[in-house]
Amino acid sequence: MGGGIDKRGVERAYARWAPIYDFVFGKVFAPGRSEAIIAAERLCGPQGGRILEVGVGTGISLPDYSPVNKITGVDLSEPMLRKAQERVDELRLPNIEAICVMDAERMAFPDGAFDVVVAQFVITTVPHPEETLDEFVRVTRPGGEIILVNHIGAESGPRKLFELSFSPIARRLGWRPEFSFSILSGWAERHGGVRLVERRGLPPMGNFTLIRYERLAAGHKAA
């Protein structure tokens with residue numbers, strides 16, 4: 001499902017955003033980032049685990065992870081990742097294992113490499129969300145989780161009409177505001193190897209949603 005978004009367009013959009021991204025979106029996205037990290041670290045437990053953050057951007061969330069967790073960050077935007085690496089170096093974050101330019105649809109990691117995949121404000125920006133989600137599942141260990149935080153489009157009413165009217169502009173910025181939960185639920189049903197654990201709106205007004213999927217062990221299917 002391309003939906004009119006292409007990778008080069010996304011790269012260009014985020015290259016433009018890189019210098020001001022934290023200033024413009026830092027506070028707006030802070031509650032979502034915090035909730036995603038809490039959920040990921042809860043699953044990893046006090047002993048820590050390996051967490052992949054897809055769409056790590058400027059690395060604004062990296063200092064918030066506990067040092068017991070080993071973090072790898074990937075993003076399609078090289079300018080954003082340069083800022084992430086600067087942040088890692090400046091703050092001396094020893095638990096950041098790698099910062100890599102990588103396509104979320106084809107990641108260079110072995111199967112089951114991570115306990116958790118975190119994707120904050122990412123899945124509505126990729127050209128092929130289902131293929132991207134398949135790749136998230138592939139690199140997550142059985143029993144691990146995929147944690148998404150995103151704006152999910154309204155199913156009806158005035159907000160849906162606004163999202164549809166705003167969509168052409170948003171796409172040029174690398175966003176897809178009308179993205180509906182049915183895309184995720186349809187993908188999960190077809191995939192069969194994941195189970196929806198949680199779906200809840202986030203403060204302050206529920207404009208963003210946290211969604212958690214568990215990767216099931218081989219041979220198990222979601223009920």
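Residues numbered from 1 in each chain as written. Predicted model: local features only at pLDDT ≥ 70, side-chain atom pairs only at ≥ 80, totals over all residues. Heavy atoms only, no water.

Enquirer: Outline the overall build of the chain, listing residues and values.
Expert: Each helix and strand in the chain was counted, giving 6 helices and 7 strands. Listed by position from the N terminus, the elements making up the chain come as α-α-β-β-α-β-β-α-β-α-α-β-β. Burial analysis of the chain (223 residues in total) assigns 53% to the buried set. A separation threshold of at least 6 residues defines the contact pool for the chain, and within that pool the share at least 24 residues apart is 71%. Of the accessible surface of the chain, which amounts to about 10700 Å², a share of 57% is contributed by carbon and sulfur atoms. (Helix = DSSP H or I, 4+ residues; strand = E, 2+ residues; numbered from the N terminus. Buried < 20%, exposed > 50% of the residue type's maximum accessible area, 1.4 Å probe, protein only. Contact = heavy atoms within 4.5 Å. Areas by Shrake-Rupley, 256 points an atom, 1.4 Å probe, with all protein chains shown as cover.)

Enquirer: Which residues make up the environment of T125, and what are the values?
Expert: One can find T125 in the loop between β4 (114-120) and α4 (129-138). Given a relative accessible area of 8%, T125 falls into the buried group. At a separation of 2.7 Å, a polar atom in the side chain of T125 contacts the main-chain carbonyl oxygen of V122. (Polar contact = N/O pair within 3.5 Å; in protein donor to acceptor, adjacent residues only side chain to side chain.)

Enquirer: Go over the sheet that holds β4 with me, naming the residues and quoting the values.
Expert: Two pairing modes exist for strands in a sheet, parallel and antiparallel, and in both the strands are linked by backbone hydrogen bonds. Here 7 strands make up an open sheet; going across it, the order is β3-β2-β1-β4-β5-β7-β6 and the pairing mixed. Strands with a single pairing partner mark the edges of an open sheet, and in this sheet they are β3 (96-101) and β6 (194-202). This sheet shows a mean twist of 15° between the axes of neighbouring strands, independent of strand direction. Sheet analysis places β6 next to strand β7 (residues 208-215), joined by 8 bridges and oriented antiparallel. Along β7, the bridge assignment pairs L196 with Y213. (Pairing = 2+ DSSP bridges. Axes fitted to C-alpha atoms, helices over the stretch in contact; angles between N-to-C directions.)

Enquirer: So what's going on with the pattern of salt bridges? Which residues, and what values?
Expert: Inspection of the entire model under this criterion finds 11 salt bridges. One salt bridge connects E145 with R212, and the closest N-O pair in it is separated by 2.8 Å. Of this pair, E145 sits in strand β5 (residues 140-150) while R212 sits in strand β7, placing them 67 residues apart in sequence. The pair E145 / R212 is uniform in exposure class, with both members buried. (Salt bridge = Lys/Arg side-chain N within 4 Å of Asp/Glu carboxyl O.)

Enquirer: So what's going on with the nonpolar core? Residues and values would help.
Expert: Residues L52, V54, M107, F109, F136, L184 and Y213 are the most contacted members of the largest nonpolar core, which totals 31 residues. Going through the elements one at a time, β1 (50-54), β4, α4, β5, α6 (181-191) and β7 are the ones with two or more residues in this core. Looking at this core, the element that brings in the most residues is α6, giving 5 residues. If we ignore the near neighbours within four places in the chain, the residues touching M107 are L52, V54, V74, M102, E135, F136, R138 and V139. I51, I71, L81 and F121 belong to the second largest nonpolar core, which has 24 residues in total. (Core = buried A, V, L, I, M, F, W, Y, C linked by side-chain atoms within 4.5 Å.)

Enquirer: Outline the environment of W187, listing residues and values.
Expert: Secondary-structure assignment places W187 in helix α6. Separated by 56 residues in the primary sequence, W187 and E131 have C-alpha atoms spaced 9.3 Å apart. Within the local environment of W187, its side chain forms a polar contact with the side chain of D134, the two groups lying 2.8 Å apart.

Enquirer: Go over α4 with me, naming the residues and quoting the values.
Expert: Taking burial as the measure, the 10 residues of α4 include 7 buried ones, the bulk of the element. Against the buried residues of α4 lie β1, β4, β5, α6, β6 and β7.

Enquirer: Lay out helix α3 (residues 78-91) with the relevant residues and their values.
Expert: Here α3 is 14 residues long and its end C-alpha atoms lie 20 Å apart, about the 20 Å a rise of 1.5 Å per residue gives. Listed as buried for α3 are M80, L81, A84, R87 and V88. Viewed along the axis of α3, the buried residues span an arc of 110°, placing them on a single side of the element. Turned more than 90 degrees away from the buried face of α3 sit E86 and E90, all of them exposed. (Expected span 1.5 Å × (residues − 1). Arc of directions from axis to C-beta.)

Enquirer: Outline the packing of aromatic side chains, listing residues and values.
Expert: Counting across every chain of the model gives 3 aromatic pairs. Plain terms: the ring middles of F121 and F208 are 5.2 Å apart, the flat faces sit at 80° to each other, and that makes the pair edge-to-face. Taken together, the residues F121 in the loop between β4 and α4 and F208 in strand β7 connect sequence positions 87 residues apart. Here F121 and F208 have matching classes, each one buried. Lying across the ring of F181, R199 places its NZ or CZ 3.7 Å from the centre. (Phe/Tyr/Trp six-rings, centres within 6.5 Å; stacked < 30°, edge-to-face > 60°. Lys NZ or Arg CZ within 6 Å of the ring centre and 35° of its normal.)

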